[in-house]
Amino acid sequence: MGRALAQNSDLSPLSTYVEDTGEVKWVLAWALERDIPVPVTGTAQTALMQYRDVDSPAAKAVALLRNQYGGHPVHWRAGASG
């Protein structure tokens, strides 16, 4: 997070949208077909979807962390760039 904030100190132009590869949706479907409970994975997927539509520093932090950890691209609001 420190590296992400050093590169993006102004969070205002940052979008909260985070792409997903579909792997988590695949895991959830696979587990449901086998009656395997995966509550943490389900909650994480729900949180990802909820963060896409809010304008909060926490949601922007999630976007930055996913970029640093998983290499997911950072998105900027229309007309802004990082």
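Conventions adopted
Residues numbered from 1 in each chain as written. Predicted model: local features only at pLDDT ≥ 70, side-chain atom pairs only at ≥ 80, totals over all residues. Heavy atoms only, no water. Helix = DSSP H or I, 4+ residues; strand = E, 2+ residues; numbered from the N terminus. Buried < 20%, exposed > 50% of the residue type's maximum accessible area, 1.4 Å probe, protein only. Expected span 1.5 Å × (residues − 1). Contact = heavy atoms within 4.5 Å.

1. Quick notes on the overall build of the protein
In step 1: Within the protein, the secondary structure is distributed over four helices and zero strands.
In step 2: Listing each helix as α and each strand as β along the protein from the N terminus yields α-α-α-α.
In step 3: For the protein, the residues scored as buried account for 22% of the 82 residues in total.

2. Remarks on unusual backbone geometry
In step 1: A positive phi angle, near 55°, is found at Asp 35, a position not held by glycine.
In step 2: Position of Asp 35 among the secondary structure elements: in the loop between helix H2 (23-33) and helix H3 (39-51).
In step 3: We classify Asp 35 as exposed; its relative accessible area is 71%.

3. Quick word on helix H4 (residues 57-70)
In step 1: In a regular helix each residue adds 1.5 Å, so 14 residues correspond to 20 Å; H4 covers 19 Å between its end C-alpha atoms and thus fits that length.
In step 2: For H4, the elements touching its buried residues are helix H1 (2-7) and H3.
In step 3: In the stretch just after H4, Gly 71 is the one whose phi turns positive, near 75°.

4. Describing the environment of Lys 60
In step 1: For Lys 60, the position within the fold is in helix H4.
In step 2: Given a relative accessible area of 5%, Lys 60 falls into the buried group.
In step 3: As a C-alpha pair, Lys 60 and Thr 21 span 39 residues in sequence and 19 Å in three-dimensional space.
In step 4: Leaving out residues up to four positions away in the same chain, Lys 60 has contacts with Leu 11, Ser 12, Leu 14, Thr 16, Asp 55 and Arg 77.

These results come straight from atomic positions and should not be treated as a statement about function.
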